[in-house]
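Take a look at the letters that make up each chain.
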Amino acid sequence: MSVAVIFGSSMGNTEGAANMIAEKLGISDVLNIADIDADKINSYDKLICGTSTWGSGDLQDDWDGFDFSKLNLSGKTVAVFGMGDSESYSDTYCSGMGKLAQGLKSAGANLVGAVSTGGYTFEASDAVEGDKFVGLALDNDNHEDLTENRINTWIEQIKPSFS
Ligand SMILES: Cc1cc2nc3c(=O)[nH]c(=O)nc-3n(C[C@H](O)[C@H](O)[C@H](O)COP(=O)(O)O)c2cc1C
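Everything quoted here is computed from the prediction, not taken from an experiment.

## Observations regarding the site of the ligand
Around the ligand sit 20 residues, and of these S9, T14, T53, T92 and D141 come closest. Within the contact set of the ligand, an oxygen atom lies 2.6 Å away from a side-chain nitrogen or oxygen of T14. Within the backbone of D85, one N or O atom sits 3.0 Å away from an oxygen atom of the ligand. Notes on the ligand: free accessible area 650 Å², of which the protein chains cover 85%. Secondary structure elements with two or more residues in the shell around the ligand: helix 1 (13-25) and strand 3 (46-54). No other element matches strand 3, which puts three residues into the shell around the ligand.

Dropping the structure here:
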């Protein structure tokens, strides 16, 4: 079974989280969306995809320029994570992760790894469905101290889907 962690990152924060997630799950393929095409993504059995949020609730630039219609992820297990700033951008916190999840779901992905919004302080986010984020929300701008624990907890949750 082939698994990749794919990230879009402008300043390195999401890239750092991607590397941490991959290392903890023993995944060797960690890919920058800026360097790969849809065929490469389609070649994997399972994916973990991450994006930061820029502008006002937008996808990170490299994901923003990506053509999701070229993906075919029918029935494939996919988890998403997002990096954002829950204080300065409280009303669009990690909204890019919501847009990423939407793009992957429209390609047929079976999304796993939703996380309760309890324990987070923010006003609004496109990444929330009901009382859960569609994936793991992180915030290295204000709560970098929480990032590794949040990743550890999430990995315990998604591990059965990626083993
Ligand atoms: C101009 C600008 C706009 C941003 N917009 C948002 C936003 O709408 N929502 C959010 O959660 N974070 C927002 N952020 C915060 C970034 O997502 C955050 O700094 C993140 O860690 C960057 O990750 P990266 O280095 O992987 O790109 C913004 C940051 C900047 C500088």
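## Here we look at the pairing of strand 1 (residues 3-8)
Among the six residues that make up strand 1, six are buried, leaving the element largely enclosed by the rest of the structure. Of the two faces of strand 1, both are covered, the one formed by V3, V5 and F7 as well as the one formed by A4, I6 and G8. Where strand 1 lies against strand 2 (residues 29-32), four bridges are found, and the strand directions are parallel. Considered in strand 2, the bridge of V5 is made with V30. As for the winding sense of the linkage, the β-α-β connection from strand 1 through helix 1 to strand 2 is right-handed.

Basis of the calculations
- Residues numbered from 1 in each chain as written.
- Predicted model: local features only at pLDDT ≥ 70, side-chain atom pairs only at ≥ 80, totals over all residues.
- Heavy atoms only, no water.
- Near = heavy atom within 4 Å.
- Polar contact = N/O pair within 3.5 Å; in protein donor to acceptor, adjacent residues only side chain to side chain.
- Areas by Shrake-Rupley, 256 points an atom, 1.4 Å probe, with all protein chains shown as cover.
- Helix = DSSP H or I, 4+ residues; strand = E, 2+ residues; numbered from the N terminus.
- Buried < 20%, exposed > 50% of the residue type's maximum accessible area, 1.4 Å probe, protein only.
- Pairing = 2+ DSSP bridges.
- Right-handed = clockwise from strand over helix to strand, strands pointing away.

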